[in-house]
Amino acid sequence: MNVRSDRPKGKKPPLTLATELTFLKGAGPAVAMKLKPLGLERVGDLLLHLPTRYEDRRRILPIAEVRNGEEALVCGRVVSTEVRFGAKRWLRVVIDDGRSSMVLRFFHFNEVQKAALVENRWVRAFGTGRITPNGAEMVHPEYRVADSAAELPPEDRLTPIYGLTTGITQTRVRALIQQALAVAQADPDFTADFPGLGGPATLAALRTLHEPDGRDLGDLLLDRHPAQIRLVREELLAHQLCMRLLRKQTKAAPGARIEAVLAATAQLQGRLPFVMTGAQRRVIGDIAHDLSAGKPMLRLIQGDVGSGKTVVAAAAMLGCAQVGLQSVLMAPTELLVEQHARTLAAWLNPLRVEVGLLLGKMKKSERDEALRRAASGEVKVWVGTHALFQGDMAFKRLAMIVVDEQHRFGVGQRLALRDKGPAGVTPHQLIMSATPIPRTLAQTIYADLDVSVIDELPPGRTPVQTVVVSNERRHDVLLRIGEACRQGRQAYWVCTLIEENSELQAQAAEETYRQLREELPELRVGLVHGRLKPAEKEAQMRAFQSGATQLLVATTVIEVGVDVPNASIMIIDNAERLGLSQLHQLRGRVGRGATASQCLLMYQGPLGEGSKARLEVMRTTTDGFVIAQKDLELRGPGELLGRRQTGLIGLKIADPVRDSALIPPLQKLADDWWLKTPKEARRMIARWIGDAERYAQV
Ligand code: ADP
Ligand code: MG
């Protein structure tokens, strides 16, 4: 492998697990840049980048036995190599193993590759076989070239396959991981085992996974090899240790002592058009207790969609404002922020409390004014998007941070916000989760938080009736909406696209909007999507809220939190494309008033098994906790949390649902370790989480 000359110059430091991986052979800056999105920056990161699967290249298959669609390792002599010109330029290499021949096709190739694949050399290729009328072939196999077959023996171990980004080959990653394993081997800190954990020691376990021999193959593929279990337990333990450390450090800092929450709640109640539920009062009681303790609050509020979390936050924020302290409410979308600002203003302005707003898209002059009013402390209650924690925002006396819809905020973002308090005081944290999650999962993800549950819906709600209908009955659906709107009801029409691309989503919504206006000419139709200007979006929402529009065509931007009680029908187009939690969130937009509401899940058949199961769950229950549990069963937690969102918990190999039985004993072990062997505890955190120490310093 060639050594890049453009890597940092100067004396080479001794390699450790903390060294940047550019110091490894074969990892220049270009490679490092491609590895970064995988979370691979240091030598130690490579160790924990485990294979996603294994391939068996331990036997060379005669070409004659290659089967269509199956992976195979073949070896043959090159009989011809030529560049062909079809729709695209491609390289055609024919190899022969003495009995039959096979075509290898390469659509991406360079001159070096072409020059190596010359007649009479030998090629060992691994790929998926295809049987065509013209014989066997492989497209883009992984291959090696040598001058004789003897130099290309089959592997004696299983071949690990890693998750990659484009531009990085398996071979390259394997070579880097081999170097990382050697560095770990030489690190006494890494080879010293932790007592009492059971199973193979860490390094031995990692070797088993990175360089598996043929034994225990079945267990390995089923994720229940002792080496895997050992690593999973280590990771879960590290996570528990880290969360405990964060909590301990936060709780050790002083927090503003606020004793005004219960009195504020009574005042707020006097202004509300409804009576708070017992559950809301109980949760406010928990918060009042936390805020008066003189230590930073760390509390999670779990409550199903529509359970009334906003008023709970409002009571706490009012309590802060009344003793001259500031608080902020953060929400994931501008739409939701604007709505929260309106709601809070309606409740708090009559109590002479002003509400400040901070959006990413604000004009410079507006933003400067908001910054000034936050820094001077004159506005106590703030609502905003992530713009709230961008560099220049400073608060005079920030005492509490409320995070709405937590699943979109990572731990890192929460910690950044914590920084915004005045020196020496750690703000209280109130996290409101919209997605109910099963208990075991909550224990893993929110191990550092106290939990309150709003387990009661406001009275007078009639459960939403859910119907699953095929696209083919669109005409009936239209008749039904027309009829309902004539009776004074309002409806959402939600357009879905698989792509996250907001441009395409907006286009789809505009198209539906145009079509629906033609099909239902007597209705007043509105449109809201992520590409509208904030002012337009706001105008559209206002029009719908006031009843000026009857049917609102929307993308999934309305998924979180939007509140229009008179809307009692929702149509979700292509509902089969959405996951359960997203469907539940969407459906939560209706069923908020006294009218019995309907949700029509329209699908484009034929339905796959998974989609069928999801729609059936939606049809039969409206309980968010039941849906969350089903979601886990049907999809697995990786998808539930979004693998990309694991920044939230940062688990690399453990799976909080699959491994839930392992968690309770580890919680106890984590307590023991902090008590008896704090040094080991820190070592374990450093090994698995690394950054935790930095987080913990915040
Ligand atoms: P979520 O928990 O989903 O954030 P919201 O705070 O948006 O729920 O509340 C949903 C709706 O229920 C809002 O219109 C809110 O004003 C109303 N609401 C909240 N609490 C009560 C209550 N105790 N009685 C009646 N309506 C309530
Ligand atoms: Mg809400």
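Keep in mind that this is a model prediction, so the values were computed, not measured.

**Details of the overall build of the protein chain**
In terms of helices and strands, the protein chain carries 25 helices and 21 strands. Buried residues in the protein chain amount to 51% of all 698 residues. Expressed as a percentage of contacts within the protein chain between residues at least 6 apart in sequence, the contacts between residues at least 24 apart total 74%. As presented, the protein chain carries roughly 31,200 Å² of accessible surface, and 52% of it is formed by carbon and sulfur atoms.

**Describing the sheet that holds strand 10 (residues 326-330)**
Strand order in this open sheet of 7 strands is 11-12-10-13-14-9-15, and the pairing throughout is parallel. The open sheet terminates on both sides in strands that have one partner only, identified here as strand 11 (355-358) and strand 15 (450-454). The mean angle between the axes of side-by-side strands here comes to 20°, regardless of whether they run parallel or antiparallel. Inspection of the sheet shows strand 10 paired to strand 13 (residues 398-404) by 5 bridges, in the parallel sense. Paired with glutamine 326 across the two strands is leucine 398, which belongs to strand 13. Those strands touched by helix 11 (residues 309-322) are strand 9 (298-303), strand 10, strand 12 (381-384), strand 13, strand 14 (428-433) and strand 15, and its axis lies near 170° from that of strand 13.

**Some points on the pattern of salt bridges**
All told, the structure shown has 40 salt bridges when counted by the stated rule. One salt bridge in this structure joins arginine 89 and glutamate 111, with 3.8 Å as the shortest N-O distance. A residue pair is termed long-range when its members are at least 10 positions apart, and arginine 89 in strand 3 (residues 89-96) and glutamate 111 in helix 3 (residues 111-116) qualify at 22 residues. For arginine 89, a relative accessible area of 38% gives the class partly exposed. With a closest N to O distance of 3.7 Å, glutamate 234 and arginine 687 form a salt bridge. One end of the pair, glutamate 234, is in helix 8 (residues 226-252); the other, arginine 687, is in helix 24 (residues 678-688), with 453 residues separating them in the sequence. A relative accessible area of 0% means that glutamate 234 is categorised as buried. Overlapping salt bridges, with partners in common, bring together Arg53, Glu55, Arg57, Glu71, Glu142 and Arg174 in one network.

**Notes on the pairing of strand 6 (residues 135-139)**
Direction of pairing for strand 4 (residues 101-106) relative to strand 6: parallel, over a ladder of 4 bridges. Looking at the pairing, valine 103 lines up with glutamate 137 of strand 6. Taken together, the 4 bridges between strand 5 (residues 122-132) and strand 6 define a ladder with antiparallel strand orientation. Following the sheet pairing, threonine 132 is matched in strand 6 by glycine 135. Here strand 5 hands over to strand 6 after 2 residues, the two strands then running antiparallel side by side.

**Some words on the packing of helix 11 against helix 12 (residues 334-348)**
For any two helices packed against each other, the geometry is given by the interaxial angle and the distance between the axes. Remark: helix 11 packs on helix 12, axes separated minimally by 11 Å, with the N-to-C direction vectors making an angle of 55°. When the axis of helix 11 is compared with that of helix 12, the two are oblique. Of the two possible hands of crossing, helix 11 and helix 12 adopt the one that is right-handed. In this structure, helix 11 uses Thr310, Val311, Ala314, Met317 and Leu318 to contact helix 12, whose residues at the interface are His340, Leu344, Trp347 and Leu348. Considered class by class, the residues forming the contact of helix 11 with helix 12 number 7 nonpolar, 2 polar and no charged.

**Describing the sheet that holds strand 17 (residues 490-494)**
The parallel open sheet is built from 6 strands, whose spatial order is 16-21-20-17-19-18. If you trace the sheet from one side to the other, it starts and ends with strand 16 (465-470) and strand 18 (525-528), each paired once. Shown here is a sheet whose adjacent strand axes are inclined to one another by a mean of 20°, direction ignored. Pairing between strand 17 and strand 19 (residues 551-554): 4 bridges, direction parallel. In the sheet register, tryptophan 493 faces strand 19, and the bridge partner there is valine 553. Of the strands in this sheet, strand 16, strand 17, strand 20 (567-572) and strand 21 (598-603) touch helix 19 (residues 580-587), which is tilted by about 150° from strand 20. Running over the sheet, helix 20 (residues 609-620) touches strand 16 and strand 21 and is turned about 150° from strand 16.

**Quick notes on the packing of aromatic side chains**
According to the stated counting rule, one finds 6 aromatic pairs in the structure shown. Judged by centre distance (6.3 Å) and plane angle (80°), the rings of phenylalanine 274 and tryptophan 347 are edge-to-face. Note that phenylalanine 274 is positioned in the loop between helix 9 (261-271) and helix 10 (278-291) and tryptophan 347 in helix 12, a separation of 73 residues in sequence. Using a relative accessible area of 35% as the deciding quantity, one classes phenylalanine 274 as partly exposed. Here tryptophan 347 falls in the buried class, since its relative accessible area comes to 12%. For the ring pair tryptophan 382 and phenylalanine 395, a centre distance of 6.4 Å and an interplane angle of 70° mean the geometry is edge-to-face. Of the two residues, tryptophan 382 is situated in strand 12 and phenylalanine 395 in the loop between strand 12 and strand 13; the sequence distance between them amounts to 13 residues. The two residues tryptophan 382 and phenylalanine 395 agree in class, both being buried. Sitting above the plane of the phenylalanine 126 ring, arginine 57 keeps its charged end 4.3 Å from the centroid. Taking the ring centre of tryptophan 674 as reference, the NZ or CZ of lysine 248 above it sits at 4.7 Å.

**Remarks on the packing of helix 23 (residues 663-676) against helix 24**
The geometry of helix 23 relative to helix 24 is characterised by a closest axis approach of 5 Å and an angle of 120° between their N-to-C directions. Classified by the interaxial angle, the pair formed by helix 23 and helix 24 is oblique. Within the contact between the two elements, helix 23 uses Trp673, Trp674, Leu675 and Lys676 and helix 24 uses Pro678, Glu680, Ala681, Arg682, Met684 and Ile685. Across the contact of helix 23 with helix 24, the residue classes tally to 7 nonpolar, no polar and 3 charged.

**Quick look at the environment of glycine 547**
Relative to the helices and strands, glycine 547 resides in the loop between helix 18 (534-546) and strand 19. The contacts of glycine 547, once residues within four sequence positions are left out, are Gln490 and Arg524.

**Some points on the site of ligand 1**
Around ligand 1, the surrounding shell holds 16 residues, and the nearest of these are Val275, Gly306, Thr310, Arg461 and Asp563. Here an oxygen atom of ligand 1 sits 2.6 Å away from a polar atom, N or O, in the main chain of glycine 306. Contact distances for ligand 1 include 2.9 Å between an oxygen atom and a side-chain N or O atom of lysine 309. Taking 570 Å² as the accessible area of ligand 1 by itself, protein coverage stands at 86%. Among the residues making up the shell around ligand 1, the classes are represented as 5 nonpolar, 6 polar and 5 charged.

**Remarks on the side chain of glutamine 598**
By the secondary structure assignment, glutamine 598 is in strand 21. On the accessibility criterion, glutamine 598 (14% relative accessible area) is buried. Residues contacting glutamine 598, with those up to four places away along its chain left out, are Val464, Gln465, Arg480, Arg489, Ser568, Ile569, Met570 and Val590.

Each value, and the rule that gives it
Counting from 1, residues in each chain are numbered in the order their sequence is written. Chain A is the first chain written and ligand 1 is the first ligand written, with later ones labelled in order. For a predicted model such as this one, the threshold for reporting local features is a pLDDT of at least 70, and the threshold for listing and counting side-chain atom pairs is 80 or more; totals across whole chains, interfaces and linings nevertheless cover every residue. Heavy atoms from the whole structure form the basis of all side-chain values; hydrogens and water molecules are not counted. Each helix corresponds to a stretch of at least 4 residues labelled H or I by DSSP, and each strand to a stretch of at least 2 residues labelled E; elements are numbered beginning at the N terminus. For every residue, the accessible area obtained with a 1.4 Å probe (protein chains only) is divided by the maximum for its type, and the residue is called buried under 20%, exposed over 50%, and partly exposed between those limits. Any two residues whose heavy atoms approach within 4.5 Å are treated as being in contact. Working definition of accessibility: Shrake-Rupley area with a 1.4 Å probe, residue cover restricted to the visible protein chains. Strand pairing is assigned whenever DSSP detects at least two bridges linking the two strands. Think of each axis as a best-fit line through the C-alpha atoms, taken over the contacting stretch in the case of a helix, with angles from 0 to 180 degrees between the N-to-C directions. What makes a salt bridge here is a side-chain nitrogen of Lys or Arg within 4 Å of a carboxyl oxygen of Asp or Glu, nothing more. Each angle gets one of four labels, with under 35 degrees taken as roughly parallel, over 145 as roughly antiparallel, 65 to 115 as roughly perpendicular, and the rest as oblique. In this scheme, a crossing is called left-handed if the near helix is turned counterclockwise away from the far one by less than a right angle; it is called right-handed if the turn is clockwise. Note on residue classes: Ala, Val, Leu, Ile, Met, Phe, Trp, Tyr, Cys and Pro are nonpolar, Asp, Glu, Lys and Arg are charged, and everything else, Gly too, is polar. Aromatic pairing here means that ring centres of Phe, Tyr or Trp (its six-membered ring) are within 6.5 Å. Orientation follows from the plane angle: under 30 degrees is stacked, over 60 is edge-to-face, and everything else is tilted. Comment: the charge-over-ring label is applied if NZ (Lys) or CZ (Arg) is within 6 Å of the ring centre and within 35 degrees of the ring normal. Nearness of a residue to a molecule or strand requires only that one of the residue's heavy atoms be within 4 Å of it. Each polar contact in these results corresponds to two N or O atoms within 3.5 Å; when the atoms are within protein, one needs to be able to donate a hydrogen and the other to accept it, and residues that are neighboring in sequence are counted only if both atoms are side-chain atoms.

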